[in-house]
Amino acid sequence: MKFRDFLENWGLSSLKLNLGFLEGEFQPKDPDRAAAWDLYVELLTRITTQYLPPDAGDEVGALNSVYAIFPLTREILKSHGSGCGEFAKLAIPVLNQILRPFTAKWHRISTVEGISSGQRCLEFREELTALQTQLRRYTRALSDMAAVEDLTCLESDNS
């Protein structure tokens, strides 16, 4: 399977990648599967993929949980070493193209204006919901890479 096909299969074809990577064969190895599993567990158990009821939770806490994916991904990449290249080809663009715009915007707003009340709170939660949709696709792709059953939709979101 080509890397392009893998991305399209999981709704991640909007990632901007070098054409050479897209046309290359997608062949995850054991270190890729292990790295994908590690991040899959982290994403699946955080606000990154889990429904946040309108009257529950804390926006700053949610933002911090989303931001925590950066150091977690870096640590996973380092701990699994250079053998997890297929995982890296997916994880790095997701950090830079999906997570970074969200965290950069909301970190600045949270430090200057705050995000826990009024219109900013509503805007944050709407954008978090959109981000969660993208990250659920990513989580499903990671389950496929890890060769495990996808549990992304195990629970009802009550929405």
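We now turn to the structure provided with this report.

So, how was this worked out
- Residues numbered from 1 in each chain as written.
- Predicted model: local features only at pLDDT ≥ 70, side-chain atom pairs only at ≥ 80, totals over all residues.
- Heavy atoms only, no water.
- Axes fitted to C-alpha atoms, helices over the stretch in contact; angles between N-to-C directions.
- Helix = DSSP H or I, 4+ residues; strand = E, 2+ residues; numbered from the N terminus.
- Contact = heavy atoms within 4.5 Å.
- Nonpolar A, V, L, I, M, F, W, Y, C, P; charged D, E, K, R; others polar.
- Phe/Tyr/Trp six-rings, centres within 6.5 Å; stacked < 30°, edge-to-face > 60°.
- Buried < 20%, exposed > 50% of the residue type's maximum accessible area, 1.4 Å probe, protein only.
- Arc of directions from axis to C-beta.
- Polar contact = N/O pair within 3.5 Å; in protein donor to acceptor, adjacent residues only side chain to side chain.
- Patch = residues over 30% accessible without salt bridge, like charges linked within 9 Å, V, L, I, M, F, W, Y side chains within 5 Å.
- Areas by Shrake-Rupley, 256 points an atom, 1.4 Å probe, with all protein chains shown as cover.
- Salt bridge = Lys/Arg side-chain N within 4 Å of Asp/Glu carboxyl O.
- Expected span 1.5 Å × (residues − 1).

Considerations on the packing of helix α3 (residues 30-44) against helix α6 (residues 85-112)
The angle between the axes and the distance between the axes are what describe a pair of packed helices.
Next up, step 1: The N-to-C vectors of α3 and α6 enclose an angle of 35 degrees; their axes lie 7 Å apart at closest approach. For the pair formed by α3 and α6, the contact residues are Asp-32, Ala-35, Ala-36 and Leu-39 on the first element and Gly-85, Glu-86 and Phe-87 on the second.
Next up, step 2: Of the residues in the contact of α3 with α6, the class split is 4 nonpolar, 1 polar and 2 charged.

Observations concerning the packing of aromatic side chains
Next up, step 1: Under the definition given, this model contains 5 aromatic pairs.
Next up, step 2: Each ring, one from Phe-6 and one from Phe-26, has its centre 4.0 Å from the other, and the planes form 25 degrees; the classification is stacked. One end of the pair, Phe-6, is in helix α1 (residues 3-9); the other, Phe-26, is in the loop between α2 (19-23) and α3, and 20 residues separate them in sequence.
Next up, step 3: According to the relative accessible area criterion, Phe-6 is buried, its value standing at 1%.
Next up, step 4: Note on Phe-102 and Phe-124: the rings are 5.6 Å apart at their centroids and 45 degrees apart in plane angle, and the pair reads as tilted. In this pair, Phe-102 sits in helix α6 while Phe-124 sits in helix α7 (residues 118-146), placing the two residues 22 residues apart along the sequence.
Next up, step 5: Classification of Phe-102 as buried rests on a relative accessible area of 6%.
Next up, step 6: Linked through ring pairs, Phe-102, Trp-106 and Phe-124 together constitute an aromatic cluster.

Topic: helix α4 (residues 59-67)
Think of an α-helix as turning once every 3.6 residues; residues three or four places apart then point the same way.
Next up, step 1: Looking at α4, one finds that the buried residues are Glu-59, Ala-62, Leu-63, Ser-65 and Val-66. The buried side chains of α4 occupy one side of the element, clustering within an arc of 160 degrees when seen end-on.
Next up, step 2: Each element contacted by the buried residues of α4 is listed here: α5 (69-80), α6 and α7.
Next up, step 3: Of the residues flanking the start of α4, the one acting as N-cap is Asp-58, its side-chain oxygen 3.4 Å from the backbone nitrogen of Val-60.

Here's the deal with a nonpolar patch on the surface
Next up, step 1: Residues Trp-37, Val-41 and Val-148 make up a contiguous nonpolar surface patch of about 220 Å² in total accessible area.
Next up, step 2: Mapped onto the elements, Val-41 comes out in helix α3.
Next up, step 3: Residue classification places Val-41 among the partly exposed positions, given a relative accessible area of 31%.

A look at α7
Next up, step 1: Taking 1.5 Å of rise per residue, 29 residues should cover 42 Å, and α7 covers 41 Å from first to last C-alpha, within 8% of that figure.
Next up, step 2: Ala-147 occupies a position one or two residues after α7 and carries a positive phi of about 60 degrees.

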